[in-house]
Amino acid sequence: MGTNGSTMLEPLRQGLPPLDPAAVSNAASCALPPRYEAVREARGFTRRTLDGWDTGDRFDDVCLVVSELVTNALRHALPADTPRRGEQNGSVRLHLMRWTERLVCAVRDPSHDSPVARETDDFSAESGRGLFLVDSFSDSWGWHPLAGTLNGKVVWALFRLQKPDGMMERPRYE
């Protein structure tokens, strides 16, 4: 029960993905330039990485979520006076991490503001739906501020993967 029946994404939990970082099987990351072409670059990086990890079964969902998280970081987390051309200063960074049956995509940005889902009844609107899409297409998601001397936050989304032996689902004996 949110206050005033606010967003359907309540609670937007602050926290880390429920996985042991020490047990990660594969990890890759890339710095993204502060311009909107970075979304296309992030999708290409994600495609190449997932193909290499043989995790293509969730590719469409992961790519859509990566696009939304990167778009949000560029649109809302970079100061308005950030140059939008040329240099790759690494202020926005995409991380992909794979465990045996889980994949996490995380986008780091320099803002301390928590991600906010804007209320919109217009589902044909061009903006305002990003976090609803992240919530719909990932298995879980959240965010946390960066620790220590790093400024900003990380917004992450978790995806369940098929078992490596090709089994689609665990048998249900319950």
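In what follows, the structure referred to is the one given above.
A short note on helix H3 (residues 130-137)
Part 1 of the reasoning: Those residues of H3 lying buried are Gly-130, Leu-131, Phe-132 and Val-134.
Part 2 of the reasoning: The inward-facing, buried residues of H3 abut helix H2 (59-77), strand S4 (140-145) and strand S5 (153-160).

Side note on the environment of Val-107
Part 1 of the reasoning: When you line up the elements, Val-107 lands in strand S3 (residues 102-109).
Part 2 of the reasoning: Taking the relative accessible area as the measure of exposure, Val-107 reaches 2% and is therefore buried.
Part 3 of the reasoning: A C-alpha to C-alpha distance of 7.6 Å links Val-107 and Ala-73, two positions 34 residues apart in sequence.
Part 4 of the reasoning: Apart from residues no more than four positions distant in its own chain, Val-107 is found in contact with Leu-69, Val-70, Ala-73, Val-92, Arg-93, Leu-94, Lys-153, Val-154 and Val-155.

Quick word on the sheet that holds strand S1 (residues 26-32)
Part 1 of the reasoning: Strand order in this open sheet of five strands is S1-S2-S3-S5-S4, and the pairing throughout is antiparallel. For this open sheet the edge positions go to S1 and S4, each flanked by a neighbour on one side alone. Strand-to-strand twist of the sheet, defined as the mean angle between neighbouring strand axes without regard to direction, takes the value 15 degrees.
Part 2 of the reasoning: Pairing of strand S2 (residues 92-98) with S3 involves six bridges; the strand directions are antiparallel. Along S3, the bridge assignment pairs Arg-93 with Arg-108.
Part 3 of the reasoning: Packing of helix H1 (residues 37-53) onto the sheet brings it into contact with S1, S2 and S3, and relative to S1 it is tilted by some 165 degrees.
Part 4 of the reasoning: The sheet contacts of H2 involve S1, S2, S3 and S5, and relative to S3 the element is tilted by about 15 degrees.

Considering the pattern of salt bridges
In a structure, side chains of opposite charge can pair up when their charged atoms sit close to one another.
Part 1 of the reasoning: The tally for this structure, following the rule as stated, stands at six salt bridges.
Part 2 of the reasoning: Among the salt bridges present, the one from Asp-139 reaches Arg-160, with a minimum N-O distance of 3.5 Å. Note that Asp-139 is positioned in the loop between H3 and S4 and Arg-160 in strand S5, a separation of 21 residues in sequence.
Part 3 of the reasoning: Taking relative accessible area as the criterion, Asp-139 reaches 33% and is therefore assigned partly exposed.
Part 4 of the reasoning: The exposure class of Arg-160 is partly exposed, given its relative accessible area of 44%.
Part 5 of the reasoning: Three or more residues are tied together by salt bridges with common partners; here these are Arg-58, Asp-61, Asp-139 and Arg-160.

Looking at the packing of H2 against H3
Part 1 of the reasoning: The geometry of H2 relative to H3 is characterised by a closest axis approach of 9 Å and an angle of 150 degrees between their N-to-C directions. Viewed along their axes, H2 and H3 adopt a mutual orientation that is roughly antiparallel. H2 and H3 meet at a crossing whose hand is left-handed. Across the interface between the two elements, Asp-61, Leu-64, Val-65, Glu-68, Leu-69 and Asn-72 from H2 touch Gly-130, Leu-131, Leu-133, Val-134 and Phe-137 from H3.

Concerning the environment of Cys-63
Part 1 of the reasoning: Note that Cys-63 resides in helix H2.
Part 2 of the reasoning: Considered as a pair, Cys-63 and Val-39 are 24 residues apart in the sequence and their alpha carbons are 9.8 Å apart.

Some details on the packing of H1 against H2
Part 1 of the reasoning: Two elements in contact, H1 and H2, have axes whose closest approach is 9 Å; the angle formed by their N-to-C orientations is 150 degrees. Crossing angle aside, the handedness with which H1 passes H2 is right-handed. Contacts between H1 and H2 involve Ala-38, Val-39, Ala-42, Arg-43, Thr-46, Arg-47 and Leu-50 on the former and, on the latter, Phe-59, Val-62, Cys-63, Leu-64, Val-66, Ser-67, Val-70, Thr-71 and Leu-74.
Part 2 of the reasoning: Of the residues belonging to the contact of H1 with H2, the class tally is 11 nonpolar, three polar and two charged.

Focus: H1
Part 1 of the reasoning: An ideal rise of 1.5 Å per residue puts 24 Å on 17 residues; H1 measures up with 25 Å between its terminal C-alpha atoms.
Part 2 of the reasoning: All buried positions along H1 are accounted for by Ala-38, Val-39, Ala-42, Phe-45, Thr-46, Thr-49, Leu-50 and Trp-53. In a view along the axis of H1, the buried residues occupy a sector of 125 degrees, so they form one face of it. Of the residues in H1, the exposed ones pointing more than 90 degrees away from the buried face are Arg-40, Arg-48, Asp-51 and Gly-52.
Part 3 of the reasoning: Check the buried side of H1 and you find it contacts S1, H2, S2 and S3.
Part 4 of the reasoning: Phi turns positive one or two residues past the end of H1, at Asp-54, with a value near 55 degrees.

About the cut-offs
Residues numbered from 1 in each chain as written. Predicted model: local features only at pLDDT ≥ 70, side-chain atom pairs only at ≥ 80, totals over all residues. Heavy atoms only, no water. Buried < 20%, exposed > 50% of the residue type's maximum accessible area, 1.4 Å probe, protein only. Helix = DSSP H or I, 4+ residues; strand = E, 2+ residues; numbered from the N terminus. Contact = heavy atoms within 4.5 Å. Pairing = 2+ DSSP bridges. Axes fitted to C-alpha atoms, helices over the stretch in contact; angles between N-to-C directions. Salt bridge = Lys/Arg side-chain N within 4 Å of Asp/Glu carboxyl O. Parallel < 35°, antiparallel > 145°, perpendicular 65-115°, else oblique. Left-handed = near helix turned anticlockwise from the far one by under 90°. Nonpolar A, V, L, I, M, F, W, Y, C, P; charged D, E, K, R; others polar. Expected span 1.5 Å × (residues − 1). Arc of directions from axis to C-beta.

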